Amino acid sequence: MAIQRTFSIIKPDAVAKNLIGAIYSRFESAGLTILASKMIHMSQEQAEGFYAEHKGKPFFDGLVAFMTSGPVMVQVLEGENAVLANREIMGSTNPADAARGTIRADYATEVSENAVHGSDATESAAREIAYFFTDDEVCPRTR
Ligand code: RTP
Ligand code: MG
């Protein structure tokens, strides 16, 4: 296995429920190290650009409205096989299908408000990290 980086968002529903610390704890317990982190309130343009691959789908407008409805936490996570490791602790897109003990099973009930985003491949991770962070905002561990 290789050390990878992935991009993560704690979505407006989970931020509103004061779950930032609980979700960061899940990342760290899973061996994912936080290399960059900030709170932002996405603009319409920022959210549409981030989810460009979904443009034209029936849930696109609702997704953009939700993602701009309140602040989010965006972060870069690093660890062994980080892309898949993060997807595993997140659980399935629809919380109803998410395995017990995953973030979405424990903290979300709706597919449209499912607590977290995680990159689905190393290529999308690199693109998504660069979408929200400059190189000097990402701080590799020195010890
Ligand atoms: P994400 O990108 O947020 O990590 O979620 P994902 O890969 O598990 O799901 P994706 O297919 O990329 O969809 C992005 C987000 O769109 C919303 N969605 N709603 N109503 C629906 O059928 C539907 N399908 C997708 C979800 O909030 C999903 O996280
Ligand atoms: Mg996705």
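Here the structure is a predicted model, which is why all the values come from computation and not from measurement. (Residues numbered from 1 in each chain as written. Chains lettered and ligands numbered in written order. Predicted model: local features only at pLDDT ≥ 70, side-chain atom pairs only at ≥ 80, totals over all residues. Heavy atoms only, no water.)

Engineer: Lay out the side chain of Gln4 with the relevant residues and their values.
Structural biologist: For Gln4, the location among the structural elements is in strand E1 (residues 3-10). A distance of 3.1 Å separates a polar atom in the side chain of Gln4 from the backbone nitrogen of Val83. (Helix = DSSP H or I, 4+ residues; strand = E, 2+ residues; numbered from the N terminus. Polar contact = N/O pair within 3.5 Å; in protein donor to acceptor, adjacent residues only side chain to side chain.)

Engineer: Can you lay out unusual backbone geometry for me, pointing to particular residues and giving the numbers?
Structural biologist: Unusually for a residue other than glycine, Asn18 sits at a positive phi of about 60°. Following the sequence through the fold, Asn18 ends up in the loop between helix H1 (12-16) and helix H2 (20-29). Of note in this structure, Ala115 is not a glycine but carries a positive phi near 75°. Note on placement: Ala115 falls in the loop between helix H6 (103-107) and strand E4 (116-118). Exposure remark for Ala115: the relative accessible area of 0% places this residue in the buried category. (Buried < 20%, exposed > 50% of the residue type's maximum accessible area, 1.4 Å probe, protein only.)

Engineer: Summarise the nonpolar core; cite the residues concerned and give the values.
Structural biologist: Membership of the largest hydrophobic core comes to 21 residues, with the highest contact counts inside it found for Phe7, Ile9, Met42, Met67, Val74, Phe132 and Phe133. When residues of this core are traced back to their parent elements, those giving at least two are E1, strand E2 (33-40), helix H3 (44-50), helix H4 (60-67), strand E3 (72-80) and helix H7 (122-132). For this core, the element with the highest residue contribution is H4, accounting for five residues. Discounting residues that sit within four places of it in the chain, Met42 has contacts with Ile9, Ala47, Met67, Thr68, Val72 and Phe132. (Core = buried A, V, L, I, M, F, W, Y, C linked by side-chain atoms within 4.5 Å. Contact = heavy atoms within 4.5 Å.)

Engineer: Help me get a handle on the UniProt feature "binding site: ATP" (unreviewed entry) in the protein, residues and values and all.
Structural biologist: When the UniProt feature table is mapped to this numbering, "binding site: ATP" (unreviewed entry) covers Lys11, Phe59, Arg87, Thr93, Arg104 and Asn114. On the accessibility criterion, Arg87 (32% relative accessible area) is partly exposed. Each residue touching Arg87, except ones within four places of it in the same chain, is listed here: Gly118, Ser119 and Asp120. Tracing the backbone through its elements, the reader meets Arg104 in helix H6. Not counting residues up to four positions away in its chain, the partners in contact with Arg104 are Lys11, Met90, Gly91, Ser92, Thr93, Pro95, Ala98, Asn114, Val116 and His117. (UniProt positions renumbered as here; feature names shortened; annotations may be inferred.)

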